[in-house]
Amino acid sequence: GVATVLGAAALVALVLAFAGLWVTVLSDLRDERDTFFDLEVQGAGPETLRNHLRIRALVLLGFGVLGGAILGFVLSRLVVSLVQVTGAATDPFPPLVLDAGLAAVGAALLLLVIASLIAVELTVRGAFLTASRERPSWRLG
C-alpha cells in the first residue's frame with residue numbers, strides 16, 4: 001500500500017511539474033508583451049523571439065530535472081539511513097536496502113521531458129504570429 005501511495009504521489013508531482021513549466025511559458029508570453037514589443041521594434045523577428053522562449057524553457061526544464069534528481073537522491077539516502085537508525089534501535093532483519101527503481105524513475109523523467117518539450121514547442125509556435133505592432137493598451141508613453 002505504501003508503495004502505491006508513493007507511486008501515485010510521484011505521478012502527481014510529475015503532472016504538477018509539467019503544468020508548472022507550461023504555465024511559466026504562458027505567463028512569460030503574457031507578462032512580457034511589452035519587452036517582446038521593444039525587442040521587435042529593435043529588429044528581432046518572430047523566430048528570434050520564439051527561440052528566446054525555447055531557450056528559457058529548456059534552461060528551466062534542465063535545472064528542474066537536474067535539481068529534482070539530486071534532491072531525490074539525497075533525500076532517499078537520508079530517509080533510508082533514518083529508518084535504519086530508528087527502526088527499533090536494533091539492526092533490521094532483513095536489512096533495509098534502497099531500491100530506487102531507476103528504470104521507472106528514468107522512464108518517468110523521460111516522459112516528463114518529452115511531454116514538456118512538445119507542450120513548449122506547440123505553445124511557442126503559436127506565439128508572435130500576428131504582424132500587429134501596437135503597444136499594449138495599458139502602457140503609457
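Each value, and the rule that gives it
Residues numbered from 1 in each chain as written. Predicted model: local features only at pLDDT ≥ 70, side-chain atom pairs only at ≥ 80, totals over all residues. Heavy atoms only, no water. Helix = DSSP H or I, 4+ residues; strand = E, 2+ residues; numbered from the N terminus. Expected span 1.5 Å × (residues − 1). Buried < 20%, exposed > 50% of the residue type's maximum accessible area, 1.4 Å probe, protein only. Core = buried A, V, L, I, M, F, W, Y, C linked by side-chain atoms within 4.5 Å. Contact = heavy atoms within 4.5 Å. Salt bridge = Lys/Arg side-chain N within 4 Å of Asp/Glu carboxyl O. Axes fitted to C-alpha atoms, helices over the stretch in contact; angles between N-to-C directions. Polar contact = N/O pair within 3.5 Å; in protein donor to acceptor, adjacent residues only side chain to side chain. Parallel < 35°, antiparallel > 145°, perpendicular 65-115°, else oblique. Left-handed = near helix turned anticlockwise from the far one by under 90°. Nonpolar A, V, L, I, M, F, W, Y, C, P; charged D, E, K, R; others polar. pLDDT = per-residue confidence, 0-100.

*Asks:* Could you clarify how one ought to interpret helix α1 (residues 2–31) in this entry?
*Replies:* Residues separated by three or four positions in an α-helix point in the same direction, a consequence of the helix having 3.6 residues per turn. Relative to the 44 Å expected for 30 residues at 1.5 Å per residue, α1 spans 42 Å between its end C-alpha atoms, a close match to the ideal helical length. Those residues of α1 that fall on the buried side of the exposure criterion are L21, V25, D28 and L29.

*Asks:* What is the right way to read the nonpolar core from this model?
*Replies:* Side chains of a nonpolar character, in soluble globular proteins, are inclined to be buried together. Counting residues in each nonpolar core, the largest one holds 13 residues, and the members touching the most others are L53, V120 and F128. Looking at this core, the elements that each hand over two or more residues are α1, α3 (46–86) and α4 (102–125). If one sorts the elements of this core by residue count, α3 sits on top with four residues. Sequence-distant contacts of F128, defined by excluding residues within four places in its chain, comprise L29, F36, P46, L49, R50 and L53.

*Asks:* How do you make sense of the pattern of salt bridges when you look at a structure like this?
*Replies:* Pairs may arise between side chains of opposite charge once their charged atoms sit close together. Applying the stated criterion across every chain yields a total of seven salt bridges. E47 is the salt-bridge partner of R54, the closest N and O atoms lying 3.1 Å from each other. As a salt-bridge pair, R125 and E121 come within 2.8 Å of each other at their nearest N and O atoms. One end of the pair, R125, and the other, E121, are both in helix α4, four residues apart, so they sit about a helical turn from each other. Counted as one network, the salt bridges with shared partners bring together E47, R50, R54, E121 and R125.

*Asks:* Explain the packing of α1 against helix α2 (residues 33–41) here, please?
*Replies:* In contact at an axis separation of 5 Å, α1 and α2 are set at 65° when each is read in the N-to-C sense. Contacts from D28, L29, R30 and D31 of α1 reach α2 at R33, D34 and F36.

*Asks:* I would appreciate a short explanation of the side chain of R54 in the present structure.
*Replies:* Turning to its location among the elements, R54 is positioned in helix α3. Judged by relative accessible area, which is 16%, R54 ranks as buried. Among the polar contacts listed, one links the side chain of R54 to the side chain of E47, at a separation of 3.1 Å. Contact partners of R54, with chain neighbours within four places excluded, come to E47, E121, V124 and R125.

*Asks:* Mind showing me how you'd approach α4 here?
*Replies:* Here α4 is 24 residues long and its end C-alpha atoms lie 34 Å apart, about the 34 Å a rise of 1.5 Å per residue gives. What α4 keeps buried is the set L112, S116, A119, V120, T123 and V124.

*Asks:* Just checking my understanding: could you explain the packing of α1 against α4 for this structure?
*Replies:* The geometry of a pair of packed helices is captured by two quantities: the angle between their axes and the separation between those axes. The geometry of α1 relative to α4 is characterised by a closest axis approach of 10 Å and an angle of 20° between their N-to-C directions. Classified by the interaxial angle, the pair formed by α1 and α4 is roughly parallel. As α1 packs across α4, the resulting crossing turns out to be right-handed. Residues L14, A17, F18, L21, W22, V25, L26 and L29 of α1 lie in contact with α4, whose contacting residues are A108, L112, A115, S116, A119, V120, T123 and V124. Here the contact of α1 with α4 is composed, by residue class, of 14 nonpolar, two polar and no charged.

*Asks:* What exactly am I supposed to notice about the confidence of the model for the protein here?
*Replies:* Low-confidence regions, as indicated by low pLDDT, have predicted coordinates that should not be scrutinised in detail. In the predicted model, the protein carries a mean pLDDT of 82, and the fraction of residues at 70 or more is 80%. Model confidence for the protein, summarised as mean pLDDT per element, is weakest for α2 at 85 and strongest for α4 at 90.

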